[in-house]
Amino acid sequence: MTPPARAFWLSSPGEGEIREVTLPVPAEGEVLVRALYSGVSRGTETLVFRGGVPESQHAAMRAPFQEGDFPAPVKYGYLSVGEVEEGPADLVGATVFCLYPHQTRYVVPVTAVTRVPADVPAGRAVLAGTVETAVNALWDAAPLIGDRIAVVGGGMVGCSVAALLARFPGVRVQLVDADPARAKTAEALGVDFALPRDARGECDLVVHASATEQGLARSLELLSAEGTVLELSWYGDRPVTLPLGEAFHSRRLVIRSSQVGTVSPARPGRTYADRLALALELLADPALDALVTGESAFEELPQVLPRLASGEIPALCHRVRYGTSA
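The structure presented is a predicted model; accordingly, all values stated were derived computationally and were not measured.

The next subject is the overall build of the protein chain. When its secondary structure is counted, the protein chain shows seven helices and 17 strands. Against the compact-globule benchmark of 20 Å for 326 residues, the protein chain has a radius of gyration of 20 Å, which places it among compact chains. With the principal axes as the frame, the protein chain shows a C-alpha extent of 65 × 40 × 35 Å. Across the 326 residues that make up the protein chain, the buried fraction comes to 51%. Contacts in the protein chain between residues far apart in sequence, at least 24 positions, make up 66% of those at least 6 positions apart. As presented, the protein chain carries roughly 14400 Å² of accessible surface, and 52% of it is formed by carbon and sulfur atoms. Taking the average place of the 28 positive charges on the side chains of the protein chain and the average place of its 38 negative ones, the gap between the two points comes to 4 Å.

See below:
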C-alpha cells in the first residue's frame, strides 16, 4: 500500500482547495517521492490562479504533471523538491527536483526527477525551474565580455538572470525595478540597482522581465544603437502596445523572445536534462537565497495563493513547506 497523499487544486478561478489523492503503487522505472518543499512561481502561478491563461495558450501552458484543464479545476505547479522513498536503490533517500504540482507525495518515472547536488540545500532547490529559465535566456542572449546590460523587472526570473550575469567577467549589470525595495535583493545578488528613471542607458543588451508595457518601452530606451531587448515576460491575455516609431528603425533595435519551453537553439545538442542539471549546480551559490522571500505550510495554500495573486504578500519565490509525515 502506498501512503496517502494530498494535493492543492484550483477549484475555480480565485479559489483553491486541498484534495485527497490516491497514489498508484510504483512500478519498475518509477519512484515514490515525499515532498519537502515546493515553490510558487508568482508570475505564472498567480496568472493561472486568476484564470488568466488565454484559450489559445492552454496547450502550451500545460505543466508536465498537470491534471485538469484551464481555467479550472486544475492541479498546477512545477517546482517540487522531495526525498525518494521507493524506487531504484541508488535513488532511495536521495533529494530530487521534479516539475510536479503542490502535492505531499507523488509517483513519477525515474526520468522525471533530477538529483539535487549535495552542496545545494533542499529549500533552495525549489528555485531550479526559475534558474533554468535564466540559463535558457542567457543561452539565447549570448552576452559577451564587457557588455553593458540592464535587467528590467526585479521579479523571480529577472533576479535569477541578474544573479547569473553577476558572474560574467567585465560585464556591467544593473537591475531595474519600480519597487525601491528590490535594491536590497540586488545588493544580495551582487548587482547594481536603479529605479526606471535613473537606469543607465547605452546598453548592448536589455533583458526584460517586468511583464508591463512601461517596462518594455523603457527597455527600448535603454539600448544603444543596434542593441537587443530579450523579452522574457509573458502577458497572458493582455494586449501590449509598443512605441515602434521615432528612432526604433533608424537605431536598428531588436526585440527577441525567449521561452523556456524549448532549449535554446544557440546550444545545439543540449537537452532539457542538461539544462536542469546545470541550473541545480548553479544553485550552490548561497546568494540565491535572496530570491526566496516567504514561506508557509502546505495546508495554508488555499489562503496564501489569493494573497500572492493580489500582491498582499509581495513575493519573488514563495516557498511551501511540507511536514515530515507529508
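What follows concerns helix α7 (residues 301-310). Within the sequence span of α7, burial applies to Leu 301, Pro 302, Val 304, Leu 305, Leu 308 and Ala 309. The buried residues of α7 occupy an angular sector of 160 degrees when the element is viewed end-on, so they sit on one face. Relative to its buried face, α7 has exposed residues pointing more than 90 degrees away, namely Gln 303 and Ser 310. As for α7, its buried residues are in contact with β1 (5-12), β2 (15-21), β3 (30-41), α1 (42-50), β16 (292-297) and β17 (317-321). Just past α7, the residue Gly 311 takes up positive phi, approximately 90 degrees.

Further remarks concern unusual backbone geometry. Each neighbour pair has its own omega, and for Phe 70 with Pro 71 the value is 0 degrees, a cis peptide bond. Relative to the elements of secondary structure, Pro 71 occurs in the loop between β4 (67-68) and β5 (74-75). The omega torsion of the bond from Ala 72 to Pro 73 falls at -5 degrees, within 30 degrees of zero and hence cis. Counting through the fold element by element, Pro 73 comes out in the loop between β4 and β5. One non-glycine residue with positive phi stands out, namely Ala 142, at about 50 degrees. Within the element layout of this structure, Ala 142 appears in the loop between α2 (128-141) and β10 (148-152). Look at Ala 142 and you get partly exposed, because its relative accessible area is 40%. Phi at Arg 252 takes a positive value of approximately 55 degrees, unusual for a residue other than glycine. Along the chain, Arg 252 falls in the loop between β14 (223-231) and β15 (254-257).

Of all the five residues making up strand β11 (residues 172-176), four are buried; the element is thus mostly covered by neighbouring parts of the structure. Pairing analysis gives five bridges linking β10 to β11, with the strands arranged parallel. Looking at β11, one finds that Arg 148 is bridged to Arg 172. Viewed along the sheet, the connection from β10 through helix α3 (residues 156-165) into β11 turns out right-handed.

Moving on: the packing of α1 against α7. Between α1 and α7, the shortest axis-to-axis distance is 9 Å and the interhelical angle comes to 105 degrees. With respect to α7, the axis of α1 lies roughly perpendicular. For the pair formed by α1 and α7, the contact residues are Arg 42, Thr 46, Phe 49 and Arg 50 on the first element and Leu 305, Pro 306, Leu 308 and Ala 309 on the second. Among the residues making up the contact of α1 with α7, the classes are represented as five nonpolar, one polar and two charged.

Of note, Ala 128 is situated in helix α2. Distance from Ala 128 to Leu 276, taken between C-alpha atoms, is 7.0 Å for residues 148 residues apart in sequence. Residues within four places of Ala 128 in sequence aside, it is in contact with Phe 97, Leu 276, Ala 279, Leu 280 and Leu 283.

The next subject is the packing of aromatic side chains. All told, the structure shown has five aromatic pairs when counted by the stated rule. Relative to Tyr 322, the ring of Phe 298 lies with its centre 5.1 Å away and its plane at 25 degrees, an arrangement referred to as stacked. Here Phe 298, found in the loop between β16 and α7, pairs with Tyr 322, found in the segment after β17; they are 24 residues apart in sequence, far enough to count as distant. The rings of Phe 65, Tyr 100 and Tyr 106 are connected pair by pair, giving a single aromatic cluster. Its guanidinium or amino end placed over the ring of Trp 9, Arg 19 lies 4.5 Å from that ring's centre, counting from NZ or CZ. Cation over ring: Arg 319 sits above Tyr 37, and NZ or CZ is 5.4 Å from the ring centre.

Pairing in this open sheet of six strands is parallel, and the strands run β12-β11-β10-β13-β14-β15 from one edge to the other. Across the chains shown, the open sheet's two edge strands, defined by having one partner strand only, are β12 (192-194) and β15. Looking at each pair of strands side by side, their axes are set apart by 25 degrees on average, direction ignored. Sheet topology places strand β13 (residues 203-208) next to β14; five bridges connect them, and they run parallel. Each residue of the ladder has a partner; that of Leu 205, found in β14, is Thr 228. Those strands touched by helix α4 (residues 182-189) are β11 and β12, and its axis lies near 165 degrees from that of β12.

The rules we used
Residues numbered from 1 in each chain as written. Predicted model: local features only at pLDDT ≥ 70, side-chain atom pairs only at ≥ 80, totals over all residues. Heavy atoms only, no water. Helix = DSSP H or I, 4+ residues; strand = E, 2+ residues; numbered from the N terminus. Rg over C-alpha atoms; globule rule 2.2 N^0.38 Å. Buried < 20%, exposed > 50% of the residue type's maximum accessible area, 1.4 Å probe, protein only. Contact = heavy atoms within 4.5 Å. Areas by Shrake-Rupley, 256 points an atom, 1.4 Å probe, with all protein chains shown as cover. Lys, Arg positive; Asp, Glu negative; His and termini not counted. Charge placed at Lys NZ, Arg CZ, Asp CG, Glu CD. Arc of directions from axis to C-beta. Pairing = 2+ DSSP bridges. Right-handed = clockwise from strand over helix to strand, strands pointing away. Axes fitted to C-alpha atoms, helices over the stretch in contact; angles between N-to-C directions. Parallel < 35°, antiparallel > 145°, perpendicular 65-115°, else oblique. Nonpolar A, V, L, I, M, F, W, Y, C, P; charged D, E, K, R; others polar. Phe/Tyr/Trp six-rings, centres within 6.5 Å; stacked < 30°, edge-to-face > 60°. Lys NZ or Arg CZ within 6 Å of the ring centre and 35° of its normal.

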